[in-house]
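# Geometric and topological summary
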Amino acid sequence: MVHLDFADTPHLDDLQRIKEFPMLRTLDLGSCWGLSELDGIGECAELREINLYGCSKLADISALIGCKKLREVDLSYCIAVGDVTVFDDLEELKKVIVPERLDDTDDLLGLQTRETAAGAPAVKVLFK
């Protein structure tokens, strides 16, 4: 299994069984309003993209630290997320969408200034 789509599953509140899919590359959890944590997701070391759009109860994304190959993260309208410093340790990250209110924080400063060898921005940060 390399792709799972649980989008619009509002009663999904536990990702513990996600460990059974270590080769997972894309995961769509958009509008899973019951999700408040990502425990288990760190076991998906091959994960490249995760959509968490509209997971309004999600506060802690620190479990993403185990997803070292993560390239794209969508946290649009994840209003409870406050700490996004986990992104500093995800060296392959190319695109991240975060709630607008995080625009005023210093948490994304290192991420926004990360550059490629050619001097171009390495990570595209968008605010929604």
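Please read all numbers here as calculations on a predicted model, not as lab measurements.

Reading guide: rules and limits
Residues numbered from 1 in each chain as written. Predicted model: local features only at pLDDT ≥ 70, side-chain atom pairs only at ≥ 80, totals over all residues. Heavy atoms only, no water. Phe/Tyr/Trp six-rings, centres within 6.5 Å; stacked < 30°, edge-to-face > 60°. Helix = DSSP H or I, 4+ residues; strand = E, 2+ residues; numbered from the N terminus. Core = buried A, V, L, I, M, F, W, Y, C linked by side-chain atoms within 4.5 Å. Buried < 20%, exposed > 50% of the residue type's maximum accessible area, 1.4 Å probe, protein only. Contact = heavy atoms within 4.5 Å. Pairing = 2+ DSSP bridges. Salt bridge = Lys/Arg side-chain N within 4 Å of Asp/Glu carboxyl O. Polar contact = N/O pair within 3.5 Å; in protein donor to acceptor, adjacent residues only side chain to side chain. 1 Å grid on protein atoms, 1.4 Å probe; cavity = no way out; pocket = protein on both sides within 12 Å on 5 of 7 lines; lining within 4 Å. Points joined across faces, edges and corners; volume = space filled by probe spheres on them. Nonpolar A, V, L, I, M, F, W, Y, C, P; charged D, E, K, R; others polar.

In this section: the packing of aromatic side chains. Inspection of every chain in the model, using the stated rule, returns 1 aromatic pair. Arranged with centres 5.3 Å apart and planes meeting at 75°, the rings of Tyr-53 and Tyr-77 form a pair that is edge-to-face. Residue Tyr-53 is found in the loop between strand E3 (49-51) and strand E4 (72-74), and its partner Tyr-77 is found in the loop between E4 and strand E5 (95-98); the two are separated by 24 residues along the sequence.

By size, the foremost hydrophobic cluster in this structure holds 37 residues, and its most contacted members are Leu-75 and Phe-87. Sequence-distant contacts of Leu-75, defined by excluding residues within four places in its chain, comprise Leu-52, Leu-58, Ile-61, Val-81, Val-84, Phe-87, Ile-97, Val-98 and Pro-99.

Turning our attention to the pairing of E5. Two elements, E4 and E5, share 3 bridges in a ladder whose sense is parallel. Each bridged residue has a counterpart across the sheet, and for Val-73 the counterpart in E5 is Val-96. Two strands pair when backbone bridges link them, and E5 and strand E6 (residues 124-127) are joined in this way by 4 bridges, in the parallel orientation. When the sheet's bridge partners are listed, Ile-97 is paired in E6 with Leu-126.

What follows covers the pattern of salt bridges. If you walk through the whole model with that rule in mind, you get 4 salt bridges. With a closest N to O distance of 3.3 Å, Arg-48 and Glu-46 form a salt bridge. On the basis of relative accessible area, Glu-46 is assigned to the buried category, the value being 17%. A salt bridge links Glu-46 to Lys-69; its shortest N-O distance comes to 3.1 Å. With a gap of 23 residues between them, Glu-46 in the loop between strand E2 (26-28) and E3 and Lys-69 in the loop between E3 and E4 connect regions that are remote in the sequence. Residue Lys-69 is classed as partly exposed on the basis of its relative accessible area, which comes to 28%. One continuous salt-bridge network, built from bridges that share partners, spans Glu-46, Arg-48 and Lys-69.

It is worth spelling out the environment of Asp-60 at this point. Tracing the chain through its elements places Asp-60 in the loop between E3 and E4. Classification of Asp-60 as partly exposed rests on a relative accessible area of 40%. Sequence separation of Asp-60 and Val-84 is 24 residues, and the distance between their C-alpha atoms is 8.7 Å. Once residues lying within four places of it in the same chain are set aside, the contact partners of Asp-60 are Ser-36, Glu-37 and Leu-38. A distance of 2.7 Å separates a polar atom in the side chain of Asp-60 from a polar atom in the side chain of Ser-62.

To continue, consider the layout of surface pockets. Space inside the largest pocket adds up to approximately 150 Å³. Looking at the largest pocket, the residues that line it are His-3, Thr-26, Leu-27, Asp-28, Glu-49, Ile-50, Asn-51, Glu-72, Val-73, Asp-74, Lys-95 and Ile-97. Among the secondary structure elements, those contributing two or more residues to the lining of the largest pocket are E2, E3, E4 and E5. Partitioning the lining of the largest pocket into residue classes produces 4 nonpolar, 3 polar and 5 charged.

We now examine the side chain of Glu-46. A polar atom in the side chain of Glu-46 sits 3.1 Å from the side chain of Lys-69. Contact partners of Glu-46, with chain neighbours within four places excluded, come to Pro-22, Met-23, Leu-24, Arg-25 and Lys-69.

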